[in-house]
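# Coordinate analysis (summary)
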Amino acid sequence: MQLPRRVPWAAISELEQICSWIYTDENDLDSKRLAINRLSAWRAITYLPHALESALSLLVVIVQDSTQAASSSHLSLRQSYSTAIIRLVNGLVDPLQLGAYARSIASIAHQLGLPPWLVELRHAATHEDMPSIELLREAARESMVWLLHNYFLPTINPSTVPETRAPLRSLEPVLKQYKTLLKITTRDASLKTQYKPAILSVMKDVERWIAEARVAANMTTRQLGWEANTSEIPGDSEAMDPKERWALERLCDALLEKGALVPLSRKKREFPADNFSPPTFSVLLWTPLLHHLQDLHSDFLAILSGRIMSVLAAENAPTDGTSDPSYDSCLARWALWCIRAWEEDESQMFDLRKELTVTLLQSLGHVGPTSRGSRKAATALLESLCAGNPQLEAALATLKTLSNAGSLTEWNPEDMIIMDQRLNTLLSSSATSRSSKPWTDSPAEPIGAPTSETLPGWRLLGESSGWRPCPIGVHCATI
Amino acid sequence: MLSAIAARKAAQAARQDVTNHALRPPTPTPPPPETTAAIKPTPKRKSSSQSTKPAKRKKEKRTPGKAPRYFTEPEPDTFQEQDDVIVIESDEEVLSEDVETPEPTAGRGRWSPSVPLNDSSDEEDDVPFSVLASTKSPLGKVESPDVLSTFLPVPSQNTFILNPEAVAALHIDDDTRSKATIVALKPEETLCLLGTYTFSVLQGSITHSGVTIPSSPRSHRVFAPRSSPLPVLEGVDGVSAISNIRQLPEALHSLIGSPIALVLLQELRTGVEGLGRICRTFDGVFEPSRWQSSVASPDLQLSGVQMVTSQTRDIRPFDVPVSWARALSSVSTAEAATVHFVKGPKKSGKSTFARTLVNSLLTRYQKVAYLECDLGQSEFTPGGMVALNVISNPLFGPPFAHPTLPHRAHYIGATTPRSSPSHYLAAIQSALETYRLDIQTPAISPQDDDERISDAIPLVINTMGWYKGLGADLTLKIQDMACPTDIYEIEAPFDPAWPAAPTTPFPTPPAAYLASESQARTHTLQPIQPSVLSTNYSAADHRALALMSYFYADFSTSPPSPVDELPQLTATTWRTSLPLVAQPPYEVDASRMFDNVVLTGAGTEDVVPTEVGRVLNGAIVGLVACEPGTLDLDMDATETASASAGGIPYMQGAAPPSPATSTCHGLALLRSVSPTSAQVHVLTPLPPRLLATARVLVKGELELPVWGMLDFRSESGEEVAGVERGRVPYLQWGKGEGVGGERRRVRRNLMRKGQM
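Residues numbered from 1 in each chain as written. Chains lettered and ligands numbered in written order. Predicted model: local features only at pLDDT ≥ 70, side-chain atom pairs only at ≥ 80, totals over all residues.

### Overview of the overall build of chain A
Helices and strands together make up the secondary structure of chain A, namely 17 helices and two strands. Look at the contacts in chain A between residues 6 or more apart in sequence, and 68% of them connect residues 24 or more apart. (Helix = DSSP H or I, 4+ residues; strand = E, 2+ residues; numbered from the N terminus. Contact = placed C-beta atoms within 7 Å.)

### A word on the overall build of chain B
When helices and strands are counted, chain B shows 19 helices and 28 strands. Expressed as a percentage of the 756 residues in chain B, the buried residues total 56%. (Buried ≥ 20, exposed ≤ 12 C-beta atoms within 10 Å, placed from the backbone.)

### Thoughts on the packing of helix α8 (residues 172-187) of chain A against helix α11 (residues 280-296) of chain A
Residues and elements named next belong to chain A. The geometry of α8 relative to α11 is characterised by a closest axis approach of 9 Å and an angle of 120° between their N-to-C directions. Judged on the interaxial angle alone, α11 and α8 are oblique. Seen along the crossing, α8 lies across α11 with a hand that is right-handed. Along the contact surface, α8 presents Tyr178, Lys179, Leu182, Lys183 and Thr186, while α11 presents Leu284, Leu285, Pro288 and Leu289. Here the residues of the contact of α8 with α11 are counted per class, giving six nonpolar, one polar and two charged. (Axes fitted to C-alpha atoms, helices over the stretch in contact; angles between N-to-C directions. Parallel < 35°, antiparallel > 145°, perpendicular 65-115°, else oblique. Left-handed = near helix turned anticlockwise from the far one by under 90°. Nonpolar A, V, L, I, M, F, W, Y, C, P; charged D, E, K, R; others polar.)

### Details of the sheet that holds strand β10 (residues 368-372) of chain B
Residues and elements named next belong to chain B. A sheet is described by the order of its strands in space; here seven strands give the open sequence β13-β11-β10-β14-β9-β15-β16, paired in mixed fashion. Looking at which strands have only one partner, the edges of the open sheet turn out to be β13 (408-411) and β16 (521-525). The average undirected angle you get between the axes of adjacent strands in this sheet is 15°. With respect to the sheet, helix α9 (residues 322-329) is in contact with β15 (486-490) and β16, its orientation differing from that of β16 by roughly 160°. (Pairing = 2+ DSSP bridges.)

### Comments concerning the pairing of strand β24 (residues 679-683) of chain B
All names here are of chain B. Burial runs high along β24: five of the five residues are buried. The side-chain alternation of β24 yields two buried faces, one formed by Gln679, His681 and Leu683 and the other by Val680 and Val682. In terms of strand pairing, strand β20 (residues 586-589) meets β24 through four bridges, oriented antiparallel. What sits directly across from Tyr586, in β24, is Val682. Bridge count between strand β23 (residues 662-673) and β24: four bridges; the pairing is antiparallel.

### Looking at the confidence of the model for chain B
Here chain B averages 75 in pLDDT, and 70% of its residues register 70 or above. Below a pLDDT of 50 lies the segment residues 501-517 of chain B, which in the model reaches eleven contacts outside its immediate sequence neighbourhood of four places, other chains included. (pLDDT = per-residue confidence, 0-100.)

### Concerning the domain arrangement of chain A
Many descriptions give the size of an interface as the accessible area lost when the pieces come together. Residue and element names in this part refer to chain A. Domain boundaries assigned for chain A yield domain 1 (12-156) and domain 2 (172-315 + 324-402). The partner domain 2 presents nine residues to the eight residues of domain 1 that form the contact. Of the residues belonging to the side of domain 1 that touches domain 2, the class tally is five nonpolar, two polar and one charged. (Domains from an automatic or database assignment.)

### Looking at the sheet that holds strand β21 (residues 596-599) of chain B
For sheets, the rule is that strands pair by backbone hydrogen bonds, running either parallel or antiparallel. One open sheet holds the seven strands; their spatial order is β2(A)-β20(B)-β24(B)-β23(B)-β22(B)-β25(B)-β21(B), and the pairing between them is mixed. The sheet is open, and its two edges are formed by β2 (458-460) of chain A together with β21 of chain B, each paired on a single side. The average undirected angle you get between the axes of adjacent strands in this sheet is 35°.

### Topic: helix α15 (residues 539-552) of chain B
Taking 1.5 Å of rise per residue, 14 residues should cover 20 Å, and α15(B) covers 20 Å from first to last C-alpha, within 8% of that figure. Where burial is concerned, most of α15(B) is hidden: 14 out of the 14 residues are buried. (Expected span 1.5 Å × (residues − 1).)

### Quick word on the packing of helix α1 (residues 12-23) of chain A against helix α7 (residues 133-156) of chain A
Residue and element names in this part refer to chain A. As a packed pair, α1 and α7 sit with axes 9 Å apart at the nearest point and diverge in direction by 145°. At the point where α1 passes α7, the crossing takes the left-handed sense. On the side of α1, the interface is formed by Ile12, Leu15, Glu16, Cys19 and Tyr23, while α7 contributes Leu148, Phe152, Thr155 and Ile156. Residue composition of the contact of α1 with α7, grouped by class: seven nonpolar, one polar and one charged.

### Some points on the nonpolar core
Of all hydrophobic cores here, the largest spans 291 residues; its most connected members are A:Leu331 and B:Val263. Broken down by element, the residue count for this core peaks at twelve residues, all from helix α13 (residues 325-344) of chain A. Those residues in contact with B:Val263 that lie beyond four places of it in its chain are B:Ile182, B:Val183, B:Leu185, B:Phe199, B:Val201, B:Leu202, B:Ile206 and B:Leu233. (Core = buried A, V, L, I, M, F, W, Y, C linked by C-beta atoms within 7 Å.)

### Section: the environment of A:Pro471
Positionally, A:Pro471 belongs in the segment after β2. Through-space distance from the C-alpha of A:Pro471 to that of A:Ser107 is 44 Å; in sequence the pair is 364 residues apart.

### Regarding unusual backbone geometry
Residue and element names in this part refer to chain B. One non-glycine residue with positive phi stands out, namely Ser209, at about 50°. Within the element layout of this structure, Ser209 appears in the loop between β3 (190-208) and β4 (211-214). The class of Ser209 is buried, set by 24 C-beta atoms lying within 10 Å. A positive phi angle is found at Cys483, which is not glycine, with a value near 45°. Inspection of the secondary structure assignment puts Cys483 in the loop between α12 (469-482) and β15.

### Overview of the pairing of β13(B)
Residues and elements named next belong to chain B. The alternating pattern of β13 places Arg408 and His410 on one face and Ala409 and Tyr411 on the opposite face, and all of these are buried. The pairing of strand β11 (residues 385-391) with β13 spans four bridges and is classified as antiparallel. Bridge pairing in β13 places Val386 opposite His410.

### Some thoughts on the confidence of the model for chain A
Residue and element names in this part refer to chain A. Confidence in the prediction for chain A averages 76 pLDDT; 77% of positions are at 70 or higher. Ignoring residues within four places in sequence, the model shows residues 160-164, a span with pLDDT below 50, making four contacts including any to other chains. Across residues 367-371, where pLDDT falls below 50, the model places eleven contacts with residues more than four positions away in sequence or in other chains.

### Quick look at helix α12 (residues 300-312) of chain A
All names here are of chain A. Counted at 1.5 Å a residue, the expected span for α12 with its 13 residues is 18 Å, and the 18 Å between its end C-alpha atoms agrees. Within α12, twelve of the 13 residues are buried, which leaves the element mostly enclosed by the surrounding structure. Turning to α12, its buried residues are Phe300, Leu301, Ala302, Ile303, Leu304, Ser305, Gly306, Arg307, Ile308, Met309, Val311 and Leu312.

### A look at the environment of A:Ala11
Along the polypeptide, A:Ala11 turns up in the loop between β1 (5-6) and α1. Sequence separation of A:Ala11 and A:Ala125 is 114 residues, and the distance between their C-alpha atoms is 37 Å.

### Describing the environment of A:Glu53
All names here are of chain A. With respect to the helices and strands, the residue Glu53 is situated in helix α3 (residues 50-67). Under the C-beta neighbour-count criterion, Glu53 is labelled buried, with 22 such atoms within 10 Å. The sequence separation of Glu53 and Leu88 amounts to 35 residues, and the corresponding C-alpha distance is 8.4 Å.

Written out as C-alpha cells, the structure is:
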C-alpha cells in the first residue's frame, strides 16, 4: 500500500496563491505579509518542505529590510539575511549527500543548478567576514527567483519545466583506468604496493560516480516517485532506496559493456572448461572492484546478476548478425560468479540462486532446445544454476520433460494425477508457503459513541444532524 | 514484517563489524572502513501489509484451490542468523513510509563546520555505540532455535478445559463468563503465549514478565503481540491456593496440593487486534507470523492465543537480565512510600524496567504511582505529556495495550522537552507535588482479603532517554526534585563524542541534592540487547500506534468505582470497526466552550489570529482544565483577538497554562474547524465528565499520524471516506516535483576524504 504524506495545503491551489502573493509584484509588501502569515501558520501545522521554509525566512528579512527605519541596526539585518541563505543552501545540499563520503557543496549545487556564488556566500557568511548588506540583498533576491523556478513552478505545474540538469558523466574512463591499473598489478604482483593508492583513488572515483548518479536519479525518476521499481531485480525490491538502485543499475550497465567484465577481444574470452566461470584473467581483474562495491552496497551482486539476467533473457535479441554468443556466455558465467560470491557471504539470507532461477525460468518460458545465442547461454546458465541443488534439479527436470514432450495427446484422467505429482515436485522445492489469513472482523461492537450522558455545549453528531463521514480537515455542515 | 533487504543489510553490517574476511580470496581489496556498519541506509519502509505483498512480487501462476505458489515462492530466509543481526536504528521523527533516511551514526571526525554538531537534543538520532560493540557473536553459525515453551500440553494430564459454569464456581475477579483452560506448570516449566488472554493463578505461584505472581482470585490481562518481547509463564511452586480451589472439577483434584502451579487461562476479546488494520505496520501482530505458522503448535482450545514453542526469527521472549533481577529483589523494603527513579539512555530498556518494577511493587503494595517524564514513549498516555498515573493492576503488555487516563498530566506537546525545558520541569514539579499531597499517603480503605500494603503508595519515575548535554542536566534536576530512595541507572554506552558527564553537575550541589544522594540506593543495570524488534518497529512507529490506540480506545467501560479514590482508568476495549474519518464527532462552539487556545512549539509565536483556524484544522490538542480563577486573561485583548480569529479565543504568543494550576485530561483531534464560524468538530476518547472542565486547548508539535487520516475500509487505500485519493485534502500521494520539496534532513555520518 502506498502511503501518502501530510501536506499543509488542502489543494495545490493554496500553494499557487502563496506563490502569487510573493512573486506578482516585488514591491507589494502587504501581499508578502499575507504570504508570511500563511507560511507561519503552515509551519505550525506540519513540517514544511525545505524550499517553503527557506522562502519564509527570506521573505521575513526582505519585508523587514523594506520597512525598517534607517536608524536601526544593519547588523541584525545582515545576520538575518545570512542565516536565511546559509540554511537555504545547506538544506538543499544536505539531502543529496547520498554517498558514504562527503561531496563538495559546490559540486552538488552545480548539479542542482544553484548559482555558485550563493555557495560562496554561504561559506563567507559562515566562516569569513559577514558579507555586505548590498551583496546579501542581491543574494536574497536571486534565491527567491531560484526558488520560483525550481520549487514553486514545478510543484504547481508538474512537468512543464524541461530538464536542464547537467547530464551524468560517463563511467567508462574510470573503468578503463581501473582496468589499466589492475592489469599492471595483476601481471606483476611486486607493483601492488606502489599502485595501491592509485587503485584506491579509482575506487573512490567509482563511489563518487555512484553518489552523483543517485543525485541524478533524484532528478530523472522524480515522476516515478515512490514506485520507482520498474527494474527486474529479484528480491524485496520495495525495501531498497530507488535512487541507490537506479545508480547501481547504471553502474552495472557500464560494467556489462564489452570491454569491461567481458573482454573486448573474443580471443580473451576463453572459458575454463572445468567449471562455469568467467575467463580467469577477467576474474582476477574485476574481483577487487566487485567485492569493494558489494561491501559498500549490500545488494550490488543481486543487482548485477539481475541485470545480466535481463540482458540474457532479452526478447529482442539481435537478429541482424550482430549477436555475439561468446559475449552472452561470458555474461552467463559472470552471473553464476555473482551467485557464488553471494553465497560465500554467509550473512546473506536471501536465496539469490533460487530467485534467479525462477526469474530465468519465467523469462525463458519453457526449457527446450533453442536456437538463439542468448537463449543458449541462458539455458546453460540455468543448468549450472540448478546443478548441485537437488530441489532445483528436480524442478528443472520436471519442467524439461514437459517441454520436450510437447505433442498434444488425448486427455486422460490420469493426467490429473501426473499434474499433481509435478506440482508437488515443484512445491517441495520451496519452503512452506504461507497461506495468507483473511482478515477476520473483530467481534461486533456498538457503532457510535458509547455515551448516554449529555454534556452541555458538546453535541454528538450523527446521521440525524446531517453529519457524514469525510476526510480529516473537511468541515461537514450540520443541521 | 522485516524486509529481506533490511535483514541482509543488518547482517552484513554485522559481518563487516567483525571483519570476517577469511572467506575472501586474498585480493587487494581495501579494508572496508570501520564505520561501514553504520553507513547503510536502513530501509525504513516496511511492507505495510503482508497480505498484499506476495501478489506484487511475482507474476506467477496460481493453482486454484489451495493457492500455494506454483513454483517456489522463495521467501528469503530473512532471519536465519537472527542472533547475528546488528540492529541499526534510525528514529528520526519519520514514519516507516519515508524511505530514504540515511543512517545516522555516532559521529567521529566531525570537523567541518558544514556538518552539524551532534545536537545532543536529537535524542533519537544517533546509533548507540553499544550496538556495534556488543553484538560480536561468531558469525555464520546457525543456532538451533531456543525453546520457549518446555510445557507440552497433554489433555486431562496437565491441560484441562473448563466450561463456563466451572469457571464461575471459582469466583475469579472476572466478569466474563467464558470457558477456560487450566494448565498445570511444574516448577521451571515454561509456557510462552502469543496473543491476548487473561490468566489467574489458582494454586502455587508462577513468574510472568519477570514478576512472581502468587495464587489469588485476581485475573490479569495479558497483551502479547509479536512487536514486543513475549512474556513467558514459568511455574515456581504449588505452595498456596485460592480459597475455592476445591470447586475445581474432579479430574484436577489429584493435582491440588502437589508442587505444581495451576494457571487458569481465558480468552480476552478487546478489539485491540483492529489497531493493526489501522496502523498497518502492526498488521497481524497478535497472530503468529509466517515463521511460526510453519511450526505446528499445540492447541490450547482458546481463540486469540497461540502457544509458541520455540523461538523464531521475528520474536523475542521477555527476558530479565541478571542485574535487573538483582535490583528488583533488593528494592527498599521500607513500609513507607518509596520513590524509584529509573534513568538511562534510550532503547536501553528503561520503560520495560519501570513496568517490571511497577508489577513487582504491586505484589507488595495495593497501588503504585507512576510518573512519566519520557515525552517520546509514554507508558500510559500518548506521547507529549508529563503524566502521573496510579496503577492497581499489573501491566502485562506494551504501552499501546493499556492507554490510561492520568491522575494528573501536563501537556508539553512535543516528543522531547527541547523547545520548552523550563515548562517541562515545572510540569514535573507540579506532578511531584500532587503525588506528595494527594497520593503518597492515601486514606486507608481496607480491602478484606488483600494483604498488600494499602497505606502508602510508592512512586516510580521513568525519565527520558536523552542523557547527553541538556538532557542530562534536565534528568539530574528531576532527580533532585524527586528525592528518590532508589535510583536505577541503566549503563550508558561509551561515546567518545560525549565525554562522561561530570559527576557533580553543579559546582556547589544544593543541600537537597546531597541529601537525596546520600539516602538513595543506586542500582546499576545492564542495558538490554537491541533485538530484531527494534529493526522491525521504529520509535516513530510505536508512537504512531500509541496515538492511534488512544484515539480508538474506549474509556467508557471503566467507570470509576465510588469507593476507589485513586482509580486506574485503563481502556479495556477498542472500537476499531470505523476509521476516525467516519466516527461521528462532537460539535463544539469554540467561542463558548473554550476560554483559551494556546499554540506551543518553536515558531508558533508568529501565527496571527486570522490564520489560527487553519492551524487548528486537523490538529491534535491537549484538553487542559485550569483551576477556576487562575486563567489570567486580559478580557479586552482576548475579545479583540478572537474577533479576528473568527471567534476562536486565541492570543498570539500566549504561554501555556501554568502546570501548577492546571491539568491535562487528555487529547482531542479537531477533525475540522468551520471556515465561517467558531464551530469545531472534535473527536476524543475522553468520557464526557472530563470534557466539561477542559476549557483550554493547547496545540503542540504532535501531529496526527498519517494512518489516522486514512480509511482502512478501502482495501487499496485508494479512497478516504468516499473521496478519491487525488482529492483528499492535506494528503499527497507520490512525491512532488521541484527541488527542496522534501523535509530537511540531517546526516551525521558523512565521511570525509581520507577516512576511507
